[in-house]
Amino acid sequence: KTIDIQTILGDVAMQRALKSLKECMEKKDAAVCGLAGDSLVKAVQQAPTHPDADKALHNAAVGYEIAQRYDSAIQLYGRIINEYPKSEFVGKCLFQQASAANNFFEYDKALENYRILADESRFSTYENRTASIYNAAFILTNLQDYTKAISYWDRYSREEKDQAKS
């Protein structure tokens, strides 16, 4: 049996980084969480094909948010979308990026991500799908693209009625 030292070192780096994340989540301290984020990013650099690499980047982004390093968090969400497109975290990453873009008046980028979440079938059960439909409708209305906005407002109305019946 051959031993792959890189795989072992990647596992060790990931385990150590996850310990620092645990401390971050317990203390909610900005400095601790920033360091946890840094260690998780380094672990992924060391082991980009690790089975938990996408989760590590997601957790690093959460740590950066607690540390109020929002630009770093948004960059990591983008990495997850691009480097791990089948990740369970892609929906959340798209939503977080859209929200940040909207907050910084980058409406085209926000709209692009909200429409992906609203329109693609792979996100049909995503928890923020209805919010994404609403946000797409709202931005399209503000951009005065009423023809496209009306279909999203109609979908939003139907989604809300369906949820009220549940």
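Residues numbered from 1 in each chain as written. Predicted model: local features only at pLDDT ≥ 70, side-chain atom pairs only at ≥ 80, totals over all residues. Heavy atoms only, no water.

Q: Could you give an account of the packing of helix H6 (residues 107-119) against helix H7 (residues 129-142), with specific residues and numbers?
A: How two helices sit against one another is set out by the angle between their axes and by the gap between those axes. Packing of H6 against H7 leaves a shortest axis separation of 8 Å and a crossing angle of 140 degrees. Classified by the interaxial angle, the pair formed by H6 and H7 is oblique. Read as a crossing pair, H6 and H7 show a hand that is left-handed. Across the interface between the two elements, Tyr107, Ala110, Leu111, Tyr114, Arg115, Leu117, Ala118 and Asp119 of H6 pack against Arg129, Ser132, Ile133, Asn135, Ala136, Ile139 and Leu140 of H7. Considering only residue class, the contact of H6 with H7 consists of 10 nonpolar, 2 polar and 3 charged. (Axes fitted to C-alpha atoms, helices over the stretch in contact; angles between N-to-C directions. Helix = DSSP H or I, 4+ residues; strand = E, 2+ residues; numbered from the N terminus. Parallel < 35°, antiparallel > 145°, perpendicular 65-115°, else oblique. Left-handed = near helix turned anticlockwise from the far one by under 90°. Contact = heavy atoms within 4.5 Å. Nonpolar A, V, L, I, M, F, W, Y, C, P; charged D, E, K, R; others polar.)

Q: Any details on the environment of arginine 122? Residues and values, ideally.
A: The topology assignment puts arginine 122 in the loop between H6 and H7. Taking the C-alpha atoms as reference points, arginine 122 and alanine 30, 92 residues apart in sequence, are found 34 Å from one another. Once residues lying within four places of it in the same chain are set aside, the contact partners of arginine 122 are Pro85 and Val90. Separated by 3.5 Å, the side chain of arginine 122 and the backbone oxygen of proline 85 make a polar contact. Of the polar contacts made by the side chain of arginine 122, one reaches the side chain of glutamate 120; its length is 2.8 Å. (Polar contact = N/O pair within 3.5 Å; in protein donor to acceptor, adjacent residues only side chain to side chain.)

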